Amino acid sequence: MRHVFALLCLLGLCSCARLALPDTPVRAEDEPAFAAFRAELGSRFAPAELAAFDTAIQELQLAGMDQGLVSAAERAAAMRRQVHGLTVRAAEILGWQARRTRILGEIAQMSATLERDLQTRERQGAGTSLTVSNRIQNVQDILARLRGDLAEAEQRLAAWGAAPAR
């Protein structure tokens, strides 16, 4: 019985020695290393715990398009260069700042579209086409979703003590 107790204590100590997700350094020197790193995280943490990290990684790859990187492979390589050696939390912050920046850009574009359509509706009055009326409703719905996404990004960044990227 003592041996079983000692073994359980030893296992407990080993599991406590593992780094918490936010403090885990990201290994991303190349695609296989990053894939192995992500698989390791998947074996240690629940999908819900990894959702913010996965979103950050996707956002960093999307940001690569704004940097003129046309292929998915180029964007993935740029993302890996950005996060390699950072902690998971630092990578999350970087990615969620990129998310906030992307959403702000989309809000600006959609707001301009909405403004033009509202001016068209005002000029045409009752003669406004169904296409313009439907687009106004669709753009308003999209803007509401984007503003919700922006609020979520800003809340996460604030909870992590990070300033939003400008």
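Per-chain numbering applies: the sequence of each chain, read as written, is numbered from 1 onward. Only residues with pLDDT of at least 70 get local features here, since the model is predicted, and only at 80 or more are side-chain atom pairs given and counted; chain-wide, interface and lining totals rely on the full set of residues. Think of the side-chain values as coming from all heavy atoms in the structure, minus any hydrogens and water.

### Here we look at the packing of helix H3 (residues 47-66) against helix H5 (residues 88-124)
What describes two packed helices is the angle between their axes and the distance between those same axes.
Thought 1: Only the contacting stretch of a helix is used when fitting its axis, a line to C-alpha atoms as for every element, and angles between N-to-C directions run 0 to 180 degrees. Each helix is a run of DSSP H or I of at least 4 residues and each strand a run of E of at least 2, with the numbering of both proceeding from the N terminus. Direction vectors running N to C along H3 and H5 enclose 55°, while the axes themselves pass 7 Å from each other. With respect to H5, the element H3 is oriented oblique. Judged by the sense of rotation from one axis to the other, the crossing of H3 with H5 is left-handed. Judged by residue contacts, Ala52, Phe53, Thr55, Ala56, Glu59, Leu60, Leu62 and Ala63 of H3 engage Val88, Ala91, Glu92, Leu94, Gly95, Trp96, Ala98, Arg99 and Arg102 from H5.
Thought 2: Here the term charged refers only to Asp, Glu, Lys and Arg, the term nonpolar to Ala, Val, Leu, Ile, Met, Phe, Trp, Tyr, Cys and Pro, and the term polar to all other amino acids, Gly among them. When its residues are assigned to classes, the contact of H3 with H5 shows 11 nonpolar, 2 polar and 4 charged. In these notes the angle categories are as follows: under 35 degrees is roughly parallel, over 145 is roughly antiparallel, 65 to 115 is roughly perpendicular, and the rest is oblique. Here is the rule for handedness: rotate from the far helix to the near one, and if that takes an anticlockwise turn smaller than a right angle the crossing is left-handed, while a clockwise turn gives right-handed. Any two residues having at least one pair of non-hydrogen atoms within 4.5 Å are treated as being in contact.

### Quick word on the side chain of Arg80
Thought 1: In this structure, Arg80 sits in helix H4 (residues 72-83).
Thought 2: Exposure remark for Arg80: the relative accessible area of 13% places this residue in the buried category.
Thought 3: When residues no more than four places from it in sequence are discounted, the contact partners of Arg80 are Ala28, Asp30, Glu31 and Phe34. Burial status follows relative accessibility: with a 1.4 Å probe on protein chains alone, a residue under 20% of its type maximum counts as buried, one over 50% as exposed, and anything between as partly exposed.

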